[in-house]
Amino acid sequence: MTTRPFVVGNWKMNGLRANLAEARAIDRGAARHPGVRVAIAPPFTLIAAMAEQAETMAIGGQDCHVAASGAYTGDVGAPMLADAGAVFTILGHSERRANHGESDALVRAKAEAALAAGLEVIVCVGETEAERDAGQAETVVCAQLDGSLPTGEGVPARVTVAYEPVWAIGTGRVPSVADVGAMHRAIRTRLLAIYGEDGAGIAILYGGSVNPGNAAELMAADEVGGALVGGASLTAENFLPIVLAAAGPPSE
Ligand code: 13P
């Protein structure tokens, strides 16, 4: 791992103001691991409050609209996320691709909108179980990368990729460390093809049923630059050991 590991909690549609205390506990714990970049993407309703309280963590969104503002009832524009204190947004999560019919082209347009608003982007990719069983996992993921990633001057420095096999999300099932490494190597090869040498610096996070018990071995797999954590990011008790695992063994 060449750059600082990045551990991101995706709170999905979880969290009320009462849970801000938990986020503060995570923030305090994160301060003890300056070698790890820790972030939470709470629901939109908590971004501003969490961003005001966080001293160490980065706060981000879970999605944004392609337009900055306008007649789009229920949607949130990237400048609004930035205005609320977000510094990044997750895009193309499989739950958005599946539940909201988001295409690669839409994910890319959203990424361009987020970058234009000054945000970093975490672009999610991942195969379904049927695609893996059919031997198509790498083909599917590479096509998602080709179609979803924004390009342009200065863009790679503000892009993170999250590999989240759909069948591993919320299921307690994880790919083998060898399979994670193989996919992350394939993603790195694709990033180099897309971005040239700038693709070498892009963090590739693993996501899908990461927990305190499996984080260390997943994080040690080839080309894994951190984790995108769902359920286990909701409490300091579960999330901080994952941050610790990303920090690696003590050097003394
Ligand atoms: P779980 O960690 O709950 O499996 O969720 C993973 C995920 O989708 C993070 O974006």
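Here's what I pulled together on the structure shown here. (Residues numbered from 1 in each chain as written. Predicted model: local features only at pLDDT ≥ 70, side-chain atom pairs only at ≥ 80, totals over all residues. Heavy atoms only, no water.)

**Considering the pairing of strand 5 (residues 120-125)**
Just so we agree on the cut-off: Throughout this description, buried means an accessible area under 20% of the type-specific maximum (1.4 Å probe, protein chains only), exposed means over 50%, and partly exposed covers the range between. In this text, helices come from DSSP runs of H or I with a minimum length of four residues, and strands from runs of E with a minimum of two, each type numbered from the N-terminal end. Paired strands, in this sense, are two strands between which DSSP finds at least two bridges.
The buried fraction of strand 5 is high, at five of six residues. Two elements, strand 4 (residues 88-91) and strand 5, share four bridges in a ladder whose sense is parallel. The residue bridging threonine 89 from the neighbouring strand is valine 121, located in strand 5. Pairing between strand 5 and strand 6 (residues 159-163): five bridges, direction parallel. Residue pairing for strand 6: valine 125 is matched across the bridge by tyrosine 163.

**Topic: the sheet that holds strand 6**
Stated precisely, the cut-off is as follows: Between N-to-C directions, angles cover 0 to 180 degrees, with each direction set by a line fitted to C-alpha atoms, over the stretch in contact for helices. Any pair of residues with heavy atoms lying within 4.5 Å of one another is described as a contacting pair.
Overall, parallel pairing links the eight strands, which are arranged 1-2-3-4-5-6-7-8 in a closed barrel. Taking each pair of neighbouring strands and ignoring which way they run, the sheet shows an average axis angle of 25 degrees. Bridging between strand 1 (residues 6-10) and strand 8 (residues 226-229) involves four bridges; their strand directions are parallel. Each bridged residue has a counterpart across the sheet, and for valine 8 the counterpart in strand 8 is leucine 228. Packing of helix 2 (residues 44-53) onto the sheet brings it into contact with strand 2 (37-41) and strand 3 (58-61), and relative to strand 3 it is tilted by some 170 degrees. Those strands touched by helix 7 (residues 137-148) are strand 5 and strand 6, and its axis lies near 150 degrees from that of strand 5.

**Looking at the site of the ligand**
As a reminder, the rule being used: Put simply, a residue is near a molecule or strand once any heavy atom of it comes within 4 Å of that molecule or strand. Polar contacts, as used here, are pairs of N or O atoms within 3.5 Å; protein pairs need one atom able to donate a hydrogen and one able to accept it. Residues neighboring in sequence count only if both atoms are side-chain atoms. Every accessible area reported is derived by Shrake-Rupley at a probe size of 1.4 Å, with residue values counting cover from the shown protein chains alone. Asp, Glu, Lys and Arg are counted as charged, while Ala, Val, Leu, Ile, Met, Phe, Trp, Tyr, Cys and Pro are counted as nonpolar; the rest, among them Gly, fall into the polar class.
The full set close to the ligand counts 13 residues, and Lys12, His93, Gly170, Ser209 and Gly230 are the nearest of them. The separation between an oxygen atom of the ligand and a polar side-chain atom of lysine 12 is 2.8 Å. Histidine 93 places a side-chain nitrogen or oxygen 2.7 Å from an oxygen atom of the ligand. For the ligand, whose unbound accessible area comes to 310 Å², protein coverage reaches 94%. A class-by-class count of the residues in the shell around the ligand yields four nonpolar, seven polar and two charged.

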